[in-house]
Amino acid sequence: MEKSVVFNGKLLPYLLLAPQLAITLIFFYWPASQAIWQSFLREDAFGLNSEFVGLENYQALFAQPEYYTAIGTTVVFSSLVTVLSLGVALLFATQADKNLKGASAYKTLMIWPYAVAPAIAGVLWFFIFHPTLGTLARPLRVMGFNWNPMLDGTHAMILVVMAAVWKQVAYNFLFFLAGLQAIPKSVIEAGAIDGAGPLRRFWTIIFPLLSPTTFFLLVVNIVYVFFETFGIIDAVTAGGPAGSTTTMVYKVFADGRLGGDLGGSAAQSVVLMVIVIALTAIQFRYVERKVQY
Amino acid sequence: MSFRQIAAATAVAATFGFAASPALAVTEIQWWHAMTGGNNDIVNKLAEEFNASQSDYKVVPTFKGAYPDTMNAGIAAFRAGNAPHIMQVFEVGTATMMSAKGAIKPVYELMKEAGEPFDPKAYLPAITGYYSTSKGDMLSFPFNSSSMVMWINKDELKKAGVAEIPKTWPEVFDAAKKLKAAGHETCGFSNAWASWAHIEQFSAWHNVPIGTKANGLDGFDTVLEFNSPLHVKHLQNLVELQKDKTYDYSGRGSASESRFGSGECAIFMTSSGYYATAKSTAKFDFTSAPMPYYPDVQGAPQNSIIGGASLWVMGGKTANEYKGVAKFFTFLSDTNRQAKLHQESGYLPITTAAYEKTKADGFYDKNPVPQTPLKELTNKPPTENSRGLRFGNMVQMRDVWAEEIEAALAGKKTAKEALDSAVARGNAMLRTFEKTAK
């Protein structure tokens, strides 16, 4: 007869789970429920009087043409930032994984931007590419390129995408590098002996073995781009010019903080939450099937 | 009682005793403000002087970021139950603050309760009108009032062959073309505060309404109407000039004021409060002139409206703290201090006595710059269109208007489409505000 160890206690597992559950309840479920409740209220900025208005905030929201523009902007912005920050980070990680002199110095430097607060990152990029003050904008103009993110929506979008990617590449780089180092060298060497070139080795061996990391990063990056980029946008363009960098999360911030319209802002954040939950569910349902653990 | 208990009791008593005594001696007054550059130094100096002048109260100024940031920080702090005593709020936040009864302590009430000498008539009516109820009760204390003026780089104008400082918009356009030809390729002329310049001040200066109900002063049920042919014509002119940078857009706030100080833009419209910074950064001969106008508009120029900020006292503080705030306001109203503040910062003197004193001292003969906004404000007796403006949600609405101006300048919309859309979006925001402000 086989001997197996069974823990009979009911209390211990719950106790061990408790800290994590408490954090999830306090920092996710509680604020999320507050947002849902607030989205049914109309309140002044100071919170002095509030009134239950049912779905009025949602009706007003979907009647705004600017909201649909913001959804379109969000699709462009999030796809660009996610694809670029994952792609660039993977490229850097594969290069840093080689046997280089001073590799650890490169690796450390690569991680630095992640420690920069979004608003500060935004201000840095704002100044570097400011049409008249910017150290990099001036050469662009001297070369005859009419760089003007203050009026040209495409230029402004390029600028916020660069700033958002720059900040996220560091984080992705770290995980990709760890993922690469976990791949057994013997598998790659076997491929090399069988005559596979570096590119082929990458696509048939390394990339599939890296897929759990890539999948994890995809989920994390989508959450990042949907929720955490408003600080960068605020500092670089403030959603301008003419709303061309107003993403959904920036609009939540602008309507709630600048406009003092907390009900409308809460309604937007509920919509945003639903979208991100749906996106994450889709990823786990369909993309995860291709992941090889 | 055991020895340990006695020791503990002594320790507790000692802690409370020592902690309480300094708190009793000096009452701290928190003052959140949004002043940068030369004006930040002035704020700190004012607090220092007040603190040195008496020993009961200590004013602690804290910089909270740009105007909208400071206002938001104050509102958030109020909701969290720890608002500052004094909060500097820019003029467009006035309607929001006024409607927040219970969150604020009206200044006329504060002064009366604290028993401080206070005569509302001592203050310049062009300024206090903006911050008072229709009955004339002063709600907030005017601190830094300004108006929009046109800053002129005299050296560059001379080099470009512009003999006289332009007075009208057509003259400004001509001067800008000459400046551009003389090497100012990236900027013939420009301005900070896009909406303030081309919608708010522009309307008052030409005696045309921004909105009904005397620009909202007579009620929150006001409707915007700044898409008139004159407004469209003006924006259309800017759109044409933007194409080759004879006019070059400089954003919604004051961040690009340095384009004047650096010499890039030789004609630049911004607040008269830019004076302190201009003095310390501009390495050329500069002056300020009244805003330009269209000569074919009957009655133009009318008078300008004020900008800048006032100090709001937040509700829910103790009587002693309010007494300190009242004393600080009395300190600020002192004639000599006001005269000096005005002469150093370029902001307006808030009392009639300070204005008269500066005139009597012959200050303007040597320094005409700080008088420009006063001349603009008092150019003609104010009309319905030029008394001021009071729109709810104005902080964000200014951004919405600027968005539409940007769309026109970038060629995405015609001037007419942009202004129609700015009016429509603004009206929707006004209706939302009307529902919450009861």
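Below: a short report on this structure. In this text the structure is predicted, and so the values were computed from the model without any measurement.

**Details of the nonpolar core**
Okay, step 1: Membership of the largest hydrophobic core comes to 139 residues, with the highest contact counts inside it found for Phe189, Phe329 and Trp401 of chain B.
Okay, step 2: Residue-level mapping places this core at the junction of two domains, with at least three residues from each of domain 1 (3-145 + 307-365) and domain 2 (148-303 + 392-436) of chain B.
Okay, step 3: The contacts of Phe329 of chain B, once residues within four sequence positions are left out, are Ile86, Val107, Leu110, Met111, Phe141, Leu311 and Val313 of chain B.
Okay, step 4: With 55 residues, the next largest nonpolar core counts Phe202, Leu217, Val252 and Leu272 of chain A among its residues.

**Comments concerning the interface of chain A and chain B**
Where the parts come together, the accessible area they lose is often given as the size of the interface.
Okay, step 1: Listed per partner, the contact involves 33 residues of chain A and 38 residues of chain B.
Okay, step 2: For the pair chain A and chain B, the two sides together bury roughly 2800 Å², of which 55% comes from carbon and sulfur.
Okay, step 3: The three residues of chain A that bury the most area against chain B are Phe46, Leu151 and Leu258 of chain A, which together make up 27% of that side's buried surface.
Okay, step 4: Counting across the chain A and chain B interface gives two salt bridges.
Okay, step 5: In this structure, Arg425 of chain B engages Glu66 of chain A in a salt bridge whose closest nitrogen and oxygen atoms are separated by 3.2 Å.
Okay, step 6: Going through the elements one at a time, strand E1 (41-43) and helix H12 (248-258) of chain A are the ones with two or more residues in the side of chain A that touches chain B.
Okay, step 7: Tallying contributions element by element places H12 of chain A first for the side of chain A that touches chain B, with four residues.
Okay, step 8: Per-class residue counts for the side of chain A that touches chain B are 12 nonpolar, 12 polar and nine charged.

**A word on a nonpolar patch on the surface**
Okay, step 1: The grouping of Ile23, Leu25, Ile26, Phe27, Phe28 and Tyr29 of chain A at the surface amounts to a nonpolar patch, some 670 Å² of accessible area in total.
Okay, step 2: With relative accessibility at 51%, the residue Leu25 of chain A sits in the exposed group.

**A word on empty space enclosed by the protein**
Residue and element names in this part refer to chain B.
Okay, step 1: Enumeration according to the criterion identifies three cavities of 30 Å³ or more in this entry.
Okay, step 2: By volume, the largest cavity is sized at about 110 Å³.
Okay, step 3: Around the largest cavity, the lining residues are Met35, Asn39, Ile42, Val43, Phe143, Asn144, Gln338, Leu341, His342, Ser345, Tyr347 and Leu348.
Okay, step 4: Within the residue set of the lining of the largest cavity, elements represented by two or more residues are helix H2 (37-53), strand E5 (141-146) and helix H15 (335-345).
Okay, step 5: Of the residues forming the lining of the largest cavity, the biggest block, four residues, is contributed by H15.
Okay, step 6: Size it by volume and the second largest cavity reaches roughly 50 Å³.
Okay, step 7: What lines the second largest cavity is His198, Ile199, His231, His234, Leu235, Ile405 and Leu419.
Okay, step 8: Those elements that place two or more of their residues in the lining of the second largest cavity are helix H9 (194-205) and helix H11 (229-242).

**Details of the pairing of strand E2 (residues 57-63) of chain B**
Okay, step 1: By the bridge criterion, seven bridges tie strand E1 (residues 27-33) of chain B to E2 of chain B in an arrangement that is parallel. Residue pairing across strands places Trp31 of chain B opposite Pro61 of chain B, the latter belonging to E2 of chain B.

About the criteria used
- Residues numbered from 1 in each chain as written.
- Chains lettered and ligands numbered in written order.
- Predicted model: local features only at pLDDT ≥ 70, side-chain atom pairs only at ≥ 80, totals over all residues.
- Heavy atoms only, no water.
- Core = buried A, V, L, I, M, F, W, Y, C linked by side-chain atoms within 4.5 Å.
- Buried < 20%, exposed > 50% of the residue type's maximum accessible area, 1.4 Å probe, protein only.
- Domains from an automatic or database assignment.
- Contact = heavy atoms within 4.5 Å.
- Buried area = accessible area lost by both parts, 1.4 Å probe.
- Salt bridge = Lys/Arg side-chain N within 4 Å of Asp/Glu carboxyl O.
- Helix = DSSP H or I, 4+ residues; strand = E, 2+ residues; numbered from the N terminus.
- Nonpolar A, V, L, I, M, F, W, Y, C, P; charged D, E, K, R; others polar.
- Patch = residues over 30% accessible without salt bridge, like charges linked within 9 Å, V, L, I, M, F, W, Y side chains within 5 Å.
- Areas by Shrake-Rupley, 256 points an atom, 1.4 Å probe, with all protein chains shown as cover.
- 1 Å grid on protein atoms, 1.4 Å probe; cavity = no way out; pocket = protein on both sides within 12 Å on 5 of 7 lines; lining within 4 Å.
- Points joined across faces, edges and corners; volume = space filled by probe spheres on them.
- Pairing = 2+ DSSP bridges.

It is worth stressing that arrangement in space is one thing and function is another; only the former is reported here.
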